[in-house]
Amino acid sequence: MKPSNEVKLTFLSRSANEGFARTAAACFAAQLDPTLDEVNDIKTAVSEAVTNCIVHAYPDKLGTVTLRLRLFEDNVMEIVVKDTGVGIPDVEKARKPLFTTGGADRSGMGFTIMESFMDNLKVRSQAGKGTTVTMRRRISRRLGG
């Protein structure tokens, strides 16, 4: 399936860039005329995915995070967040609520939150090579728009 529109952004794994990624995703989604709740869901899921890259993929150094946003027919938005960091040794375990490798100040709810705000969530990872999180969300069509 070919996207009707797409954008790809690459940025350093600095915490300041998490807000940039959230805003970029919200702005890109705006062309689908989402509700405020849908925009907030997208922003929250992107925030969680990018924060995972910043905290877990590059714990001791700066690296790059790539955000790819694509629109498909039927108002479907795909969000891909990719890093080339340390990777996740056990994705199934990492997706369980409350599991974290980030220390006592991390909730371990990132994947659970992403899953609750998106229609579909896929996580691919390879130790030492990085992680790719792919999320999809259908934006409801509004009447009169």
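Structure: see above.
The structure displayed is predicted, hence computed values, not measured ones.

**Q** Would you explain the sheet that holds strand E1 (residues 5-12) in this entry?
**A** Across a sheet, paired strands are connected by hydrogen bonds in the backbone, their directions being either parallel or antiparallel. Within the open sheet, the five strands sit side by side as E1-E2-E3-E5-E4. Their pairing is antiparallel. One side of each edge strand has no neighbouring strand; the edge strands of this open sheet are E1 and strand E4 (120-126). Sheet twist, expressed as the average angle between the axes of neighbouring strands with direction ignored, equals 10°. Taken strand by strand, helix H1 (residues 16-29) contacts E1, strand E2 (64-72) and strand E3 (76-83), and its axis lies near 175° from that of E1.

**Q** Help me out: how do you make sense of unusual backbone geometry in this one?
**A** Backbone geometry follows two general trends: most residues other than glycine have a negative phi, and most peptide bonds adopt the trans configuration. Of note in this structure, Asp74 is not a glycine but carries a positive phi near 65°. With respect to the helices, strands and loops of the structure, Asp74 is situated in the loop between E2 and E3. Positive phi, normally seen in glycine, also occurs at Asn75, with a value near 60°. For Asn75, the position within the fold is in the loop between E2 and E3. Owing to a relative accessible area of 10%, Asn75 belongs among the buried residues under this scheme.

**Q** Hey, could you run me through the packing of H1 against helix H2 (residues 36-57) in this one?
**A** In a packed pair of helices, the relevant descriptors are the angle between the two axes and the axis-to-axis distance. The interhelical angle for the contact between H1 and H2, taken along N-to-C directions, is 145°, at an axis separation of 8 Å. Seen along the crossing, H1 lies across H2 with a hand that is right-handed. Between H1 and H2, the residues in contact are Glu18, Ala21, Arg22, Ala25, Ala26 and Ala29 and Val39, Ile42, Lys43, Thr44, Val46, Ser47, Val50, Thr51 and Ile54, respectively. Grouping the constituent residues of the contact of H1 with H2 by class yields nine nonpolar, three polar and three charged.

**Q** What should I look at first to understand the pattern of salt bridges in this one?
**A** Opposite charge on two side chains makes pairing possible when the charged atoms of those side chains draw close. Overall, the coordinates contain five salt bridges when judged by the stated rule. Of the charged contacts, one joins Glu78 and Arg68 as a salt bridge, the two residues approaching to 3.3 Å between their closest N and O atoms. One end of the pair, Glu78, is in strand E3; the other, Arg68, is in strand E2, with ten residues separating them in the sequence. For the salt bridge of Glu78 with Arg136, the shortest nitrogen-to-oxygen distance reads 3.1 Å. With a gap of 58 residues between them, Glu78 in strand E3 and Arg136 in strand E5 (residues 130-138) connect regions that are remote in the sequence. Judged by relative accessible area, which is 6%, Glu78 ranks as buried. The class of Arg136 is partly exposed, set by a relative accessible area of 24%.

**Q** Which parts of the structure should I look at to understand the nonpolar core?
**A** Note on soluble globular proteins: their nonpolar side chains tend to be buried together. In terms of nonpolar packing, the biggest core is built from 33 residues, with Ile42, Leu67, Met77, Ile79, Val81, Met114 and Met135 touching the most fellow members. Sorting the residues of this core by element identifies E1, H1, H2, E2, E3, helix H4 (110-117), E4 and E5 as the ones contributing at least two each. Those residues in contact with Met77, other than ones at most four positions away along the chain, are Ala25, Phe28, Ala29, Leu32, Ile42, Leu69, Arg70, Leu71, Met135, Arg136 and Arg137.

**Q** Could you clarify how one ought to interpret the side chain of Asn52 in this entry?
**A** On the secondary structure map, Asn52 appears in helix H2. For Asn52, a relative accessible area of 19% puts it in the buried group. Excluding its chain neighbours within four sequence positions, the residues that come into contact with Asn52 are Ala57, Phe111 and Met114.

Parameters at a glance
- Residues numbered from 1 in each chain as written.
- Predicted model: local features only at pLDDT ≥ 70, side-chain atom pairs only at ≥ 80, totals over all residues.
- Heavy atoms only, no water.
- Pairing = 2+ DSSP bridges.
- Helix = DSSP H or I, 4+ residues; strand = E, 2+ residues; numbered from the N terminus.
- Axes fitted to C-alpha atoms, helices over the stretch in contact; angles between N-to-C directions.
- Contact = heavy atoms within 4.5 Å.
- Buried < 20%, exposed > 50% of the residue type's maximum accessible area, 1.4 Å probe, protein only.
- Left-handed = near helix turned anticlockwise from the far one by under 90°.
- Nonpolar A, V, L, I, M, F, W, Y, C, P; charged D, E, K, R; others polar.
- Salt bridge = Lys/Arg side-chain N within 4 Å of Asp/Glu carboxyl O.
- Core = buried A, V, L, I, M, F, W, Y, C linked by side-chain atoms within 4.5 Å.

Fair warning: the whole summary comes from geometry, so function is off the table for now.
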